[in-house]
Amino acid sequence: VGHCHPDIVKAAHEQNQLLNTNSRYLHDNLVDYAERLSKTLPEKLCICYFLNSGSEANDLALRLARQYTKHEDVIVLDHAYHGHLTSLIDISPYKFRNLEGQKEWVHVAPVPDTYRGLYREDHEDPVTAYADGVKNIIEHAHKRGRKIAAFFVESLPSVGGQIIPPAGYFQKVAEHVHKAGGVFIADEIQVGFGRVGKHFWAFQLQGEDFIPDIVTMGKPIGNGHPLACVATTKEIAEAFAATGVEYFNTFGGNPVSCAIGLAVLDVIEKEHLQAHATEVGNFLMKTLKEQQIKHPIIGDVRGCGLFIGVDLIK
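Taking an unreviewed UniProt entry as the reference, the protein is identified by name as AT2L2 lyase belonging to Cardinalis cardinalis. According to UniProt, the comment filed for the protein under the heading Sequence similarities (unreviewed entry) is "Belongs to the class-III pyridoxal-phosphate-dependent aminotransferase family." UniProt, in its Cofactor (unreviewed entry) section for the protein, records the words "pyridoxal 5'-phosphate".

Student: Any chance you could break down the overall build of the protein for me, citing the residues and the numbers?
Tutor: Tallying secondary structure elements over the protein gives 10 helices and nine strands in all. In terms of C-alpha radius of gyration, the protein reaches 20 Å, essentially the compact-globule figure of 20 Å for 314 residues. Taken as a whole, the protein presents about 15,200 Å² of accessible surface, with 53% of it coming from carbon and sulfur. Seen as two clouds, the 30 positive and the 38 negative side-chain charges of the protein have centres 4 Å apart.

Student: Can you lay out empty space enclosed by the protein for me, pointing to particular residues and giving the numbers?
Tutor: For the coordinates displayed, the defined rule picks out one cavity of 30 Å³ or more. There is about 60 Å³ of room inside the largest cavity. Looking at the largest cavity, the residues that line it are L77, D78, H79, A80, Y81, H82, F152, V153, E154, P157 and G160. Sort the elements by how many residues they give to the lining of the largest cavity and strand β4 (residues 148-154) lands first, with three residues. Taken together, the residues that form the lining of the largest cavity break down as six nonpolar, three polar and two charged.

Student: Which residues make up the layout of surface pockets, and what values do they have?
Tutor: In this model, the largest pocket occupies a volume close to 490 Å³. Around the largest pocket, the lining comprises 20 residues; the ones closest to its centre are S23, L30, C48, F50 and G252. What the second largest pocket holds in volume is close to 310 Å³. Lining the second largest pocket are 15 residues, and of these V1, F193, R195, P220 and L273 sit closest to its centre.

Student: Can you tell me about unusual backbone geometry, naming the residues and giving the values?
Tutor: Phi at H79 is positive, roughly 70°, even though this residue is not glycine. Relative to the helices and strands, H79 resides in the loop between β2 (73-77) and α4 (86-89). The backbone phi angle of H272 is positive, close to 50°, even though this residue is not glycine. As for its position among the elements, H272 is in the loop between α9 (255-270) and α10 (273-294).

Student: Can you explain the packing of helix α6 (residues 126-143) against helix α7 (residues 169-179)? Please cite residues and give values.
Tutor: Viewed as axis vectors pointing N to C, α6 and α7 meet at an angle of 20°, and their least axial separation amounts to 9 Å. With respect to each other, α6 and α7 are oriented roughly parallel. Considering the relative orientation of α6 and α7, their crossing is right-handed. Touching V127, T128, Y130, A131, D132, V134, K135 and I138 of α6 are Y169, K172, V173, H176 and V177, all from α7. Residue composition of the contact of α6 with α7, by class: eight nonpolar, two polar and three charged.

Student: Could you give me a rundown of the side chain of E154, with the residues and numbers involved?
Tutor: The residue E154 is located in strand β4 in this model. Here E154 occupies a buried position and makes no salt bridge, while the nearest side chain of opposite charge, R195, is found at 7.3 Å. Side-chain polar atoms of E154 contact the side chain of S158, separated by 2.8 Å. Ignoring sequence-local partners within four residues, the contact set of E154 consists of Y81, H82, V159, F170, D187 and Q190.

Scoring rules and cut-offs
- Residues numbered from 1 in each chain as written.
- Predicted model: local features only at pLDDT ≥ 70, side-chain atom pairs only at ≥ 80, totals over all residues.
- Heavy atoms only, no water.
- UniProt positions renumbered as here; feature names shortened; annotations may be inferred.
- Helix = DSSP H or I, 4+ residues; strand = E, 2+ residues; numbered from the N terminus.
- Rg over C-alpha atoms; globule rule 2.2 N^0.38 Å.
- Areas by Shrake-Rupley, 256 points an atom, 1.4 Å probe, with all protein chains shown as cover.
- Lys, Arg positive; Asp, Glu negative; His and termini not counted.
- Charge placed at Lys NZ, Arg CZ, Asp CG, Glu CD.
- 1 Å grid on protein atoms, 1.4 Å probe; cavity = no way out; pocket = protein on both sides within 12 Å on 5 of 7 lines; lining within 4 Å.
- Points joined across faces, edges and corners; volume = space filled by probe spheres on them.
- Nonpolar A, V, L, I, M, F, W, Y, C, P; charged D, E, K, R; others polar.
- Axes fitted to C-alpha atoms, helices over the stretch in contact; angles between N-to-C directions.
- Parallel < 35°, antiparallel > 145°, perpendicular 65-115°, else oblique.
- Left-handed = near helix turned anticlockwise from the far one by under 90°.
- Contact = heavy atoms within 4.5 Å.
- Buried < 20%, exposed > 50% of the residue type's maximum accessible area, 1.4 Å probe, protein only.
- Salt bridge = Lys/Arg side-chain N within 4 Å of Asp/Glu carboxyl O.
- Polar contact = N/O pair within 3.5 Å; in protein donor to acceptor, adjacent residues only side chain to side chain.

Spelled out as structure tokens, the structure:
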């Protein structure tokens, strides 16, 4: 919502003057913010856990998935990056290939990239072809006695090259993953909160019939203030609580963070930032496509809202 936005600064300052405390103490801001945030999401994603960073959110999502499914293995997309904690380096091919390498419980699926990927625009059905890649991974894992806990994916792969997965891909993948007893985790840390313009969440680009089981948020949620969230279903949350080991995060969901989170949502709404992302994004895409005609070095221009990739080629 912009550097040092006055509404955000004011909300933080006012709450700081009143009270800031750790999350063992009850405060209305937490409930108000959870309610407000859940209204932006599909109805079944009604339980929120608050944290301090996107990495914390993704780590918790992993724990939720494993507790709910009682499985261990995770499928990720090639070139993905999901955070800096050890658990997340393990599911980030972008990182682990240069470090300890791939763990046996991690499976890497091809990026559904119709420009540079295995199946391109000229393929008769790239959606099914890429989803079948995930299905084959699951079958191969089962033969080795492994069980899938989650398919963990950025709704729009960013580090992997600003990729726009073809519509319907998530639905088909979710079908295979659910059949294997796993859950679908959508990482919205870089791409959520209206950045894609036409929708508040990037996973909604796949269509109204697609709902992830877990959604993670970070980065823009607090406009630079350390704030993050995991949203999930009652069933998954109840399975997590059934361990008897309560989830606790000292400052996740503290009064100041929640006041800031509420202010961010206010600004997005009040300043029509989704419409702004659509308008500026469309202008940028149109202008870049005009450049593409003039310059053979521009191979592809793709994007949605203010999530745009320009592929430079030889």
